[in-house]
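Spelled out from the first residue to the last, the chains are:
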Amino acid sequence: MIRFRFGLTPLAEVRPWGRPEHPVLHWFGLTDGWYAIDLGEHELLRYSERTVRRLRGGGGGGGVGPAHPYVDYYVVRLWEDLLALLPAALEPVPEDLADFVACDSSDWCWEDTPEVDAAAGWYGDRTLNMGYLRVEPYIRCWRTVAGEDVVNVSWAHQPDPEKEIEFAGPATGLVTVPTSAFVAAVAELDRALLEAMELRIGELEAAGPPPGAELDLERLRREHRDRAGWLERARRYAYATDWAAVRTGAAALLRSPLLRSPGEDCG
């Protein structure tokens with residue numbers, strides 16, 4: 001029901017970082033590639049056909065675009081941000097906060113209080129970071145256990161002001177998956193990425209870095225061993241919530257503008 005898919009750019013095509021006179025390769029940069037999220041019948045992070053044509057040069061964009069229709073970036077970003085999201089995403093949401101966690105934050109009535117900050121932070125911690133993309137999809141994950149133990153995954157595609165980037169599929173949606181399936185999908189991404197990087201590092205250790213590129217192979221291997229423990233650390237992390245503050249802040253944020261008198265602000 002949910003799967004995080006990716007592909008790495010062929011090693012010979014990975015571009016080093018840094019200035020032309022001092023190109024550098026490292027673990028992060030070596031994960032250059034593409035990724036997508038299979039969610040029920042949907043493919044998140046897949047570009048529309050019109051956008052793909054533009055990226056491939058068929059829509060006035062010029063140049064040779066990717067050979068796939070998905071977000072093209074460093075796969076490690078998806079991996080890191082999912083692990084950062086995991087503790088909050090797995091914290092069960094109480095029934096009385098179900099409407100708040102599922103609401104559209106654009107309708108909030110903001111106030112400058114610690115409780116509002118606590119509620120907004122709690123809500124935001126269940127958002128998958130996509131801010132590095134030019135047009136970021138808004139993907140959120142939260143767990144509910146009333147009836148069934150599931151993780152709710154919602155998305156919303158924001159319009160591109162320049163009308164160049166658009167994603168395929170519905171503009172908004174919500175799919176629920178068993179919590180066990182969500183955890184298994186994150187674990188499978190972890191396994192697959194670390195395995196692919198193990199092979200990549202082995203190739204570099206055998207053949208050496210590309211001509212002219214700086215690469216510290218010992219540091220690369222140490223970082224790889226360290227990253228192999230990130231998933232377990234994320235699973236052990238105890239996400240602690242001040243429920244009283246979140247409930248107070250959520251009530252303030254959800255105050256409907258229709259209930260305010262003319263001229264009355266949120267305070």
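Above this text sits the structure in question.
Reference entry: report on the structure contained in this document. (Residues numbered from 1 in each chain as written. Predicted model: local features only at pLDDT ≥ 70, side-chain atom pairs only at ≥ 80, totals over all residues. Heavy atoms only, no water.)

## Some points on the overall build of the chain
- Of the regular secondary structure elements, the chain holds eight helices and eight strands.
- On the principal axes, the C-alpha backbone points of the chain span a range of 70 × 45 × 35 Å.
- Buried positions account for 45% of the 267 residues belonging to the chain.
- Contacts in the chain between residues far apart in sequence, at least 24 positions, make up 70% of those at least 6 positions apart.
- For the chain, the exposed surface amounts to about 14,000 Å²; the carbon and sulfur share of it is 52%. (Helix = DSSP H or I, 4+ residues; strand = E, 2+ residues; numbered from the N terminus. Buried < 20%, exposed > 50% of the residue type's maximum accessible area, 1.4 Å probe, protein only. Contact = heavy atoms within 4.5 Å. Areas by Shrake-Rupley, 256 points an atom, 1.4 Å probe, with all protein chains shown as cover.)

## Quick notes on the sheet that holds strand β6 (residues 138-144)
- One open sheet holds the four strands; their spatial order is β5-β6-β7-β8, and the pairing between them is antiparallel. The sheet terminates laterally at β5 (127-128) and β8 (172-178), the two strands that pair on one side only.
- In the sheet, β6 pairs with strand β7 (residues 150-156) via seven bridges, with the strands oriented antiparallel. Among the inter-strand pairings, T144 is bridged to a residue of β7, identified as V150. (Pairing = 2+ DSSP bridges.)

## Description of the nonpolar core
- The biggest cluster of nonpolar side chains holds 56 residues, and the ones touching the most others in it are I2, F4 and F182.
- Per-element tally for this core: the top contributor is helix α5 (residues 179-207), with 10 residues.
- If near-sequence neighbours (up to four positions away) are discounted, I2 is found in contact with I37, D38, L39, V153, V177, A181, F182 and A185. (Core = buried A, V, L, I, M, F, W, Y, C linked by side-chain atoms within 4.5 Å.)

## Description of the pairing of β7
- Most of β7 sits out of view: six of its seven residues are buried.
- Hairpin connection from β6 to β7: five residues lie between these consecutive antiparallel strands, with G147 at a positive phi of about 90°.
- Sheet topology places β7 next to β8; seven bridges connect them, and they run antiparallel. Bridge pairing links S154 to L174 in β8.

## Describing the pattern of salt bridges
- Applying the stated criterion across every chain yields a total of 23 salt bridges.
- The shortest N-O distance in the salt bridge between E195 and R191 comes to 3.0 Å. Linking E195 with R191, this pair stays in helix α5, spanning four residues, or about one helical turn.
- A residue is classified by how much of its surface remains accessible, and R191, at 39% relative accessible area, is partly exposed.
- Notably, a salt bridge pairs E205 with R221, separated by 2.9 Å at the nearest N-O pair. Of the two residues, E205 sits in helix α5 while R221 sits in helix α6 (residues 217-227), which places them 16 residues apart along the sequence. (Salt bridge = Lys/Arg side-chain N within 4 Å of Asp/Glu carboxyl O.)

## Points about a negative patch on the surface
- A cluster of like negative charges, contributed by D112, E115, D117 and D242, occupies part of the molecular surface.
- One can find D242 in the loop between α7 (230-236) and α8 (243-253). (Patch = residues over 30% accessible without salt bridge, like charges linked within 9 Å, V, L, I, M, F, W, Y side chains within 5 Å. Lys, Arg positive; Asp, Glu negative; His and termini not counted. Charge placed at Lys NZ, Arg CZ, Asp CG, Glu CD.)

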